[in-house]
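Letter by letter, the chains look like this.
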Amino acid sequence: NYNQKIHPLKNFRPTGMIWYQGESNTQSLERTTEYRNLLHCMADSWRRQFDDPEMPLIIVQLAGYGKKRSFDQGLWSYLRDSQRIAAAEDENIHMISAIDVGEEQDIHPQDKKVVGRRLAACAFNKVYDFAEIVPFGPEILKCSALADGRIKLDFAAHGKIKLLENTHQNIYIASEDGEFSAAAAVVVDGESLIVTPSKAGKAVEVRYAWADFPGCTIFNDSNYPASSFRMFVED
């Protein structure tokens with residue numbers, strides 16, 4: 001009788017959980033946006049099951065897939081943003097990004113070592129309290145308009161921000177008409193980036209690495225990539 005046997009998870013108490021999934025939730029915009037709440041529900045369910053309300057969950061932001069582009073409205077970007085926001089909303093959900101580790105024709109990229117090393121670094125820092133180990137790449141915090149028309153992007157860099165060549169071509173800015181255009185220039189200012197729009201007028205939204213398989217050009221000095229993001233511009 002199964003009910004008389006000891007359940008294999010009865011005495012199992014994990015120190016944390018790792019979750020790498022999301023590709024199947026990119027089938028519609030609705031599914032990508034609901035993913036944020038599903039992550040919270042899953043984390044809460046596991047925490048109740050293991051009687052640990054603060055159990056850490058480390059998630060992997062989806063790798064690139066398909067043809068490389070600087071900007072498109074593919075649904076993978078919306079799913080990645082749901083992952084990013086869920087991690088920002090729960091201090092015990094942490095996200096490492098695999099956005100730069102992708103393949104055009106393989107939805108499950110073969111370079112698992114990079115993902116494994118990033119997960120290990122995050123676990124050492126966030127679960128086992130090794131503060132000297134960098135957990136992940138730069139995290140976007142805020143997007144604000146400057147008086148001269150430029151835009152300031154504030155990050156928690158977890159080190160120093162490092163820009164690769166042509167970073168401005170992966171940052172897109174929407175004006176009030178809803179049209180996006182690539183930035184004209186971007187420079188590092190401490191843990192912030194100062195972005196110059198290519199079009200005059202009020203900027204309302206900024207998106208970075210917004211494509212199914214984008215160019216990734218914002219890193220920290222530990223060579224961990226920044227997440228893709230969309231942020232509304234604050235006055």
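Data block above holds the structure.
Bear in mind that the values here come from a model prediction, so they are computed numbers and not experimental data.

How each quantity is defined
- Residues numbered from 1 in each chain as written.
- Predicted model: local features only at pLDDT ≥ 70, side-chain atom pairs only at ≥ 80, totals over all residues.
- Heavy atoms only, no water.
- Helix = DSSP H or I, 4+ residues; strand = E, 2+ residues; numbered from the N terminus.
- Rg over C-alpha atoms; globule rule 2.2 N^0.38 Å.
- Buried < 20%, exposed > 50% of the residue type's maximum accessible area, 1.4 Å probe, protein only.
- Contact = heavy atoms within 4.5 Å.
- Areas by Shrake-Rupley, 256 points an atom, 1.4 Å probe, with all protein chains shown as cover.
- Lys, Arg positive; Asp, Glu negative; His and termini not counted.
- Charge placed at Lys NZ, Arg CZ, Asp CG, Glu CD.
- Salt bridge = Lys/Arg side-chain N within 4 Å of Asp/Glu carboxyl O.

Draft legend 1. Structural detail: the overall build of the chain. Counting its secondary structure elements, the chain contains three helices and 13 strands. The C-alpha radius of gyration computed for the chain amounts to 19 Å, which stays within 12% of the reference 18 Å derived for 235 residues, consistent with globular compactness. For the C-alpha atoms alone, the extent of the chain along its principal axes is close to 70 × 40 × 35 Å. Expressed as a percentage of its 235 residues, the buried residues of the chain come to 47%. Here the analysis covers contacts within the chain between residues at least 6 apart in sequence; of these, 68% occur between residues at least 24 apart. Accessible area for the chain stands at about 12,200 Å²; split by element, carbon and sulfur atoms hold 49% of it. A gap of 4 Å separates the mean positions of the 26 positive and 33 negative side-chain charges of the chain.

Draft legend 2. Geometry of the environment of Leu-146. Position of Leu-146 among the secondary structure elements: in the loop between strand E4 (139-145) and strand E5 (151-156). A C-alpha to C-alpha distance of 26 Å links Leu-146 and Gly-215, two positions 69 residues apart in sequence. The residues contacting Leu-146, other than those within four sequence positions of it, are Lys-152 and Ile-194.

Draft legend 3. Representation of the pattern of salt bridges within the structure. For the structure on display, the rule yields 12 salt bridges. In this structure, the salt-bridge partner of Arg-84 is Asp-81, at a minimum N-O distance of 2.9 Å. Of this pair, Arg-84 and Asp-81 both sit in helix H2 (residues 75-89), three residues apart, which is roughly one turn of the helix. Residue Asp-81 is classed as buried on the basis of its relative accessible area of 3%. Between Asp-235 and Lys-202 there is a salt bridge; the shortest N-O distance is 2.8 Å. With Asp-235 in the segment after strand E13 (229-232) and Lys-202 in the loop between strand E10 (192-196) and strand E11 (203-208), this residue pair connects regions lying 33 residues apart in the sequence. Among the residues examined, Lys-202 registers a relative accessible area of 39% and is labelled partly exposed. Through salt bridges that share partners, Asp-44, Arg-47 and Asp-90 make up one connected network.

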